Amino acid sequence: MAKRLEVLTDIWTSLLLVWIMCVSLMSTTPLVNQSKSLQTGSVMGLHGPGEGQRLLSRAKRGWVWNQMFVLEEFSGPDPILVGRLHTDLDIGGKNIKYVLAGEGAGTIFAINEKTGDIHAMKRLDREEKAEYTLTAQVINRDTNEPLEPPSEFTIKVQDINDNAPEFIGGPFHATVPEMSQVGTFVTKVTATDADDPVYGNSAKLVYSILEGQPYFSIDANTADIKVALHAMDREMREEYLVVIQAKDMGGHMGGLSGTTTITITLTDVNDNPPKFSKNLYEFVIPEDLSIGKAGGKVKANDRDIGENARSTYSIIDGDEKDVFEITTDPQTQEGIIQLRKPLDFEMKKSYTLKVEATNIHFDPQFSSSGPFRDTATVKIAVEDSDEPPVFSKSSYQLQVHENESIDTVIGQVAARDPDSATSLIRYFIDRHTDLERQFNVDVDDGRITLAKPLDRETDMWHNITVTATEVKNHSQISRAIVAIRVLDINDNAPEFATEFEAFLCENSKPGQVIQTVSAVDKDDPKNGHSFIYSLVPEMLNNPNFTIKNNGDNSISVLAKHDMFRRQRQEMYYLPIVVRDNGNPPMSSTNTLTIRVCGCSKDGIVQSCNVEAYVLPIGLSMGALIAILACIILLLVIVVLFVTLRKHKNEPLIIKDDEDVRENIIRYDDEGGGEEDTEAFDIATLQNPDGINGYLPRKDIKPDLQFMPRQGQHSGPNGVDVDEFINVRLHEADNDPTAPPYDSIQIYGYEGRGSVAGSLSSLETSSSDSDQNYDYLREWGPRFRRLGELYSVGESDKET
């Protein structure tokens, strides 16, 4: 009831406002040429038709209401009356007619032509269309002429509360950090209502929580959802389902409502410290554990997740804590205890450590909860292991002279068993490092001796590997590298650095340097090389050459006179002794070859051969080469000339018996007819009626004499040539006197039955010009082609 009263009050208020506006307009606006008007509403005024034609006259009009209202969703047995149109022309018996046009005219809205009443014919929905614009006009019923200009008005659909609020896009999800303060904003969800938001309270929404108390609250007007409970802990409960309701009509009774759900998840904060699962961890680690290998794992659990649960481990106390280190596994968040130094059971059998786990990310707002760290004790027991022998040194360096005798002791290696229950050690040389077997080692005491002579000039260093093995357990092996340096002794004599060959000019001056000679020594003395050069004793008084020490381990060979001639002696051999400064000193004799040569005035060697002196005086080597080249060229010209003369005497035309171009080959036989081929000797064919006797072969002489084969008698005229030839082929294949190469086979059969007779032109009395070959066409296709060829030949001759 209250709702209806409120609606009626709004309607009357709107009507009053419209009436005031109309009165104001009519009192201030002059009406010119508007003698007629329609009034919409409950009453419409109409002026007389003659008054509108008077100039400067003022026509009085009725009230103009340009809006009508109709209630949506109205359903009844009869159409609902929307409003009534009336004109001043409608005075009793006037013949007028009301016409309605515009949106929905005739379908949704209908007008009574006589009374002007407008009815809504269908149920209207404001949410589908809230306003309709129509045009009304008065016309003469008989002539359909307009009696008044058309007037436009609107029909508005009045809203009723027929749509419930809706949450678009739900259900919703939201997050809020755990331990948030009361009133912390979480999220905001709003609903929409299709009803008119400016008319009544149909679209005025009020929000409330149906489920989710006492954890969360919602603002009734803004729909802001906030935390309502203090210290909500994610580790206790992580997810909450909140049901939100939106109700229209301001939340009053009779309003429509809609609901949605919001899943609120508490996100983690670092409000929990790490905690070891136990206070004491015990591990047993073998003493042979490798450096960097894991010896045990500890775990501090954290109720937080993600980055807030990450912890780092450290050793904060313990005896010899530098022997171990602890690292964090990023995947499992475990603390891994590893070795930093080797363990020795015989030295220390147990260790006690104190480890600490600390959160990496710290939240200051929870500092009052206590330190975010925890400690635990770790006890490590070292387990004894059978360790391999340990050498006194990781590597040894020994020295030996290259002239030492076999079985000389070079040095000694030593190893011990580090276990408490010691074992004897045996020593061996890894022969892969001593392929030449130049050294031996004593299996009991590790003394290394020489097995083969050494040569420093071949190998200066020898690196061998010595192994130490326990007698009780052969799998326990250790290795040590022994580097043996071979010391030098003076066992190599010096010699020339290269094979020197000196050239001496005939016009050289006394004291001129012929050659500088140096020496090398394979030995390597500590103080370096120092060579002494001298001539052999029998050459000390050499009249031709002498030597001079240059002070840098080299000498210069000098000429004593200028009387050297190639005619007298072409070569000189000068033996030189080279001695080193070793202990004992070593020496060698090397011969320097000196060749006497002819040189230019500038001392440039030109020729070192004796034959050069037989040439005329003043003839140089270049001239000699030019003369030889001219002689060779003349010889070549003579040979070419003789060759050309010889070829001129030969005829250019080929002899008749050698010319094979277009020669006529004469066979002196008639031919064998159609069955003849080039594979057979036609001249040897015989009469088929005769008796084929044995014909001796002339190409070979058979070792055995066979009786002649009996020739087959030919039959009558109907003998088969193919069969006859096949028989002869079979006989030839089976003849043991036949050679294994191609030879002439004799077939004593000429052939019979040819109706053509002889084709020879010798037997014809007619000349070639008179010969007619038309009869050949009757003998078959082959002879027809032959006749055409001969005919063509005759025609060519005539032309």
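Residues numbered from 1 in each chain as written. Predicted model: local features only at pLDDT ≥ 70, side-chain atom pairs only at ≥ 80, totals over all residues. Heavy atoms only, no water.

### Description of the nonpolar core
- If you look at the biggest cluster of nonpolar residues, it comprises 24 residues, and the most contacted ones within it are Phe276, Val298, Phe324, Leu343, Val378 and Ile380.
- Every element with two or more residues in this core is listed here: strand 17 (280–286), strand 18 (294–301), strand 19 (311–318), strand 20 (324–328), strand 21 (334–339), strand 22 (350–359) and strand 23 (373–383).
- Setting aside its immediate chain neighbours within four residues, Ile380 contacts Phe283, Ile285, Phe324, Ile337, Lys349, Ser350, Tyr351 and Leu353. (Core = buried A, V, L, I, M, F, W, Y, C linked by side-chain atoms within 4.5 Å. Buried < 20%, exposed > 50% of the residue type's maximum accessible area, 1.4 Å probe, protein only. Helix = DSSP H or I, 4+ residues; strand = E, 2+ residues; numbered from the N terminus. Contact = heavy atoms within 4.5 Å.)

### Some words on unusual backbone geometry
- Gln213 connects to Pro214 through a cis peptide bond whose omega is 5°.
- Checked against the element boundaries, Pro214 lands in the loop between strand 11 (206–211) and strand 12 (216–218).
- With a phi close to 55°, Ala231 is a non-glycine residue in the positive phi region.
- In this fold, Ala231 is placed in the loop between strand 13 (224–227) and strand 14 (239–247).

### Some words on a negative patch on the surface
- Taken together, the side chains of Asp288, Glu383, Asp384 and Asp386 make up a negatively charged region of the molecular surface.
- Within the secondary structure layout, Glu383 lies in strand 23.
- Relative accessible area serves as the criterion here: at 42%, Glu383 is assigned to the partly exposed category. (Patch = residues over 30% accessible without salt bridge, like charges linked within 9 Å, V, L, I, M, F, W, Y side chains within 5 Å. Areas by Shrake-Rupley, 256 points an atom, 1.4 Å probe, with all protein chains shown as cover. Salt bridge = Lys/Arg side-chain N within 4 Å of Asp/Glu carboxyl O. Lys, Arg positive; Asp, Glu negative; His and termini not counted. Charge placed at Lys NZ, Arg CZ, Asp CG, Glu CD.)

### Re the pattern of salt bridges
- Tallied over the full model, the rule gives 19 salt bridges.
- Here Asp117 makes a salt bridge to Arg84, at a shortest N to O gap of 2.4 Å. Here the residue Asp117 occupies a position in strand 6 (residues 117–120), and Arg84 occupies one in strand 3 (residues 80–87), the gap between them amounting to 33 residues.
- Judged by relative accessible area, Arg84 falls into the partly exposed class, the value being 40%.
- Among the salt bridges present, the one from Arg426 reaches Asp444, with a minimum N-O distance of 3.3 Å. Here the residue Arg426 occupies a position in strand 28 (residues 425–429), and Asp444 occupies one in the loop between strand 29 (439–441) and strand 30 (447–450), the gap between them amounting to 18 residues.
- One connected set of salt bridges, linked through shared partners, spans Lys97, Glu113 and Arg141.

### Description of helix 3 (residues 721–733)
- With 13 residues, helix 3 extends 18 Å between its outermost C-alpha atoms, agreeing within 8% with the 18 Å of an ideal straight helix rising 1.5 Å per residue.
- Turning to helix 3, its buried residues number three or more, namely Val721, Phe724, Arg728, Glu731 and Ala732. One face of helix 3 carries all of its buried residues, which in axial projection span an arc of 100°. The exposed set on the far side of helix 3, more than 90 degrees from its buried face, consists of Glu723, His730 and Asp733. (Expected span 1.5 Å × (residues − 1). Arc of directions from axis to C-beta.)

### Digging into the sheet that holds strand 29
- One open sheet holds the three strands; their spatial order is 26-30-29, and the pairing between them is antiparallel. Every other strand in the sheet has two partners, leaving strand 26 (409–412) and strand 29 as the edge strands with one partner each. The sheet shows a mean angle of 25° between the axes of neighbouring strands, taken without regard to direction.
- Judged from the three bridges that link them, strand 29 and strand 30 form a sheet pairing that is antiparallel. Along strand 30, the bridge assignment pairs Val441 with Ile448. (Pairing = 2+ DSSP bridges. Axes fitted to C-alpha atoms, helices over the stretch in contact; angles between N-to-C directions.)

### Section: the state of the cysteines
- Under the definition given, this model contains two disulfides.
- Across the disulfide from Cys505 sits Cys599; the S-S distance is 2.0 Å. The S-S bond linking Cys505 to Cys599 shows a torsion near -85°; that makes this disulfide left-handed. Residue Cys505 is found in strand 34 (residues 501–505), and its partner Cys599 is found in strand 40 (residues 587–599); the two are separated by 94 residues along the sequence. (Disulfide = S-S within 2.5 Å.)

These figures come from the coordinates and say nothing about function on their own.
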